[in-house]
Amino acid sequence: MLVSVIIPCYYSEKTIAKVVELVMEEFEKNEGYECEFVLVNDGSKDGTFEEIRRLGEKYPNVCGVNLMRNFGQHNALMAGFQYTKGDYVLGMDDDMQTHPSQIFKLIHKMEEGYDVVYGVYPVKKNSPLKNFTSKLNEVSSRIMLNRPKDIVSSNFWLVTRAVRDEVIKYDSFNPYVDGIFYRITHNIGNVAVEHHKRECGTSGYTFRKLINLWLAYWNFSVIPLRISFFMGIFSAMAGVIIAIVVIINKILHPSVPVGWSSTLCVMVVFFGVVLMVLGVVGEYLGKIIMILNNTPQYIVRETINAADKNSVVSVVREITGRQTEKKVKKK
């Protein structure tokens with residue numbers, strides 16, 4: 001059985017070789033399994049891709065994909081899916097936090113008949129900010145992405161070939177891989193794995209990037225629009241009730257002056273709700289415009305040990321080959 005290992009790489013020149021070699025050692029210990037690697041350099045400006053190139057020259061089962069700029073972890077995963085050939089596809093990190101020694105826990109769990117298996121961490125070794133955002137992700141993904149209640153997601157997962165074949169059909173510019181998994185299947189399992197400390201460096205996720213990742217949920221849900229709709233109804237009803245109370249109070253107590261401060265406060269609250277609803281609608285409209293403008297999910301600059309099917313050069317070669325074939329047929 002062939003297992004394809006996708007690893008998005010971002011400033012990981014010091015760790016990626018160790019990750020690859022440790023994974024290979026794990027597969028050597030288990031008969032009946034082989035592995036291939038798809039290492040996607042997501043716009044790193046250090047020597048990450050040179051290290052990937054060296055690994056590709058040393059190991060024929062290592063495929064390197066170099067993106068033209070930083071597109072984000074989930075876009076890099078989508079690029080990696082295109083180059084996988086395995087019966088299973090494994091997603092893991094480049095920093096040793098998803099440790100190679102835990103891989104076969106996911107594989108053995110998958111053999112129980114699941115479509116997707118997530119490795120879950122009983123003890124997490126992340127920063128407080130990362131743990132907070134993970135908890136936010138857990139709650140919001142259940143509400144917005146229809147994630148099964150008894151399932152916990154993580155960045156250490158294993159999917160079948162059938163799931164992979166459905167994932168690559170998604171071509172929106174702002175993907176969220178877990179959301180795509182939940183759309184495809186609810187036959188998902190969890191298995192406890194150890195969470196290791198980062199070997200070196202810090203997380204590439206800034207607060208801004210975490211917010212952008214969370215906004216990717218909106219591609220898979222209309223819940224924010226429904227929330228804004230009900231907030232609008234609530235605000236309108238509250239406004240009517242306040243107006244009735246003010247009228248009755250004026251009738252019962254004619255000498256009571258109408259308060260400008262209270263009126264101003266009410267206006268600020270209602271206008272704030274209106275602007276928030278407009279912001280939600282604007283976010284959806286912005287995503288629609290980006291999709292209509294054919295914003296790319298990723299752009300491949302070059303590859304190692306793989307057909308350059310997404311590069312401009314290969315497209316030109318393919319068109320030229322077809323034209324030559326047509327000429328030969330005519331002759």
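Residues numbered from 1 in each chain as written. Predicted model: local features only at pLDDT ≥ 70, side-chain atom pairs only at ≥ 80, totals over all residues. Heavy atoms only, no water.

Enquirer: Help me get a handle on the overall build of the protein, residues and values and all.
Expert: Counting secondary structure elements, the protein contains 11 helices and eight strands. Sorting the 331 residues of the protein into buried and exposed places 43% on the buried side. Counting only contacts in the protein whose residues sit at least 6 apart along the sequence, the fraction spanning at least 24 positions is 85%. As displayed, the protein offers around 18300 Å² of accessible surface, 62% of which is attributable to carbon and sulfur atoms. (Helix = DSSP H or I, 4+ residues; strand = E, 2+ residues; numbered from the N terminus. Buried < 20%, exposed > 50% of the residue type's maximum accessible area, 1.4 Å probe, protein only. Contact = heavy atoms within 4.5 Å. Areas by Shrake-Rupley, 256 points an atom, 1.4 Å probe, with all protein chains shown as cover.)

Enquirer: Mind laying out the pattern of salt bridges, listing which residues take part and the relevant values?
Expert: Under the counting rule described, the total for this entry stands at 10 salt bridges. Here Glu166 makes a salt bridge to Lys169, at a shortest N to O gap of 3.0 Å. Exposure remark for Lys169: the relative accessible area of 58% places this residue in the exposed category. One network of salt bridges, with partners in common, ties together Glu50, Arg53 and Glu302. (Salt bridge = Lys/Arg side-chain N within 4 Å of Asp/Glu carboxyl O.)

Enquirer: Lay out the nonpolar core in plain terms, naming residues and giving numbers.
Expert: Phe37 and Leu39 are the most contacted members of the largest nonpolar core, which has 36 residues in total. Considering each element in turn, this core owes the most residues, seven residues, to helix H1 (residues 16–29). The residues contacting Phe37, other than those within four sequence positions of it, are Val5, Ile7, Val20, Val23, Met24, Asn61, Val62 and Cys63. The next biggest cluster of nonpolar side chains, apart from the first, holds 31 residues, and it includes Val163, Val167, Tyr176 and Ile180. (Core = buried A, V, L, I, M, F, W, Y, C linked by side-chain atoms within 4.5 Å.)

Enquirer: I'd like a rundown of a nonpolar patch on the surface, residues and numbers included.
Expert: Together, Val240, Ile244, Ile247, Ile248, Ile251 and Leu252 make up a nonpolar patch on the protein surface, roughly 600 Å² of accessible area in all. The topology assignment puts Ile244 in helix H9 (residues 223–252). (Patch = residues over 30% accessible without salt bridge, like charges linked within 9 Å, V, L, I, M, F, W, Y side chains within 5 Å.)

Enquirer: Give me the pairing of strand E3 (residues 62–67): which residues, what numbers.
Expert: Most of E3 is tucked away, with six of its six residues classed as buried. Of the two faces of E3, the one lined by Val62, Gly64 and Asn66 and the one lined by Cys63, Val65 and Leu67 are each fully buried. Bridge count for strand E2 (residues 34–41) against E3 is five bridges, and the pairing is parallel. Paired with Val38 across the strands is Cys63, a residue of E3. By the bridge criterion, four bridges tie E3 to strand E8 (residues 300–304) in an arrangement that is antiparallel. Bridge pairing in E8 links Gly64 to Ile304. (Pairing = 2+ DSSP bridges.)

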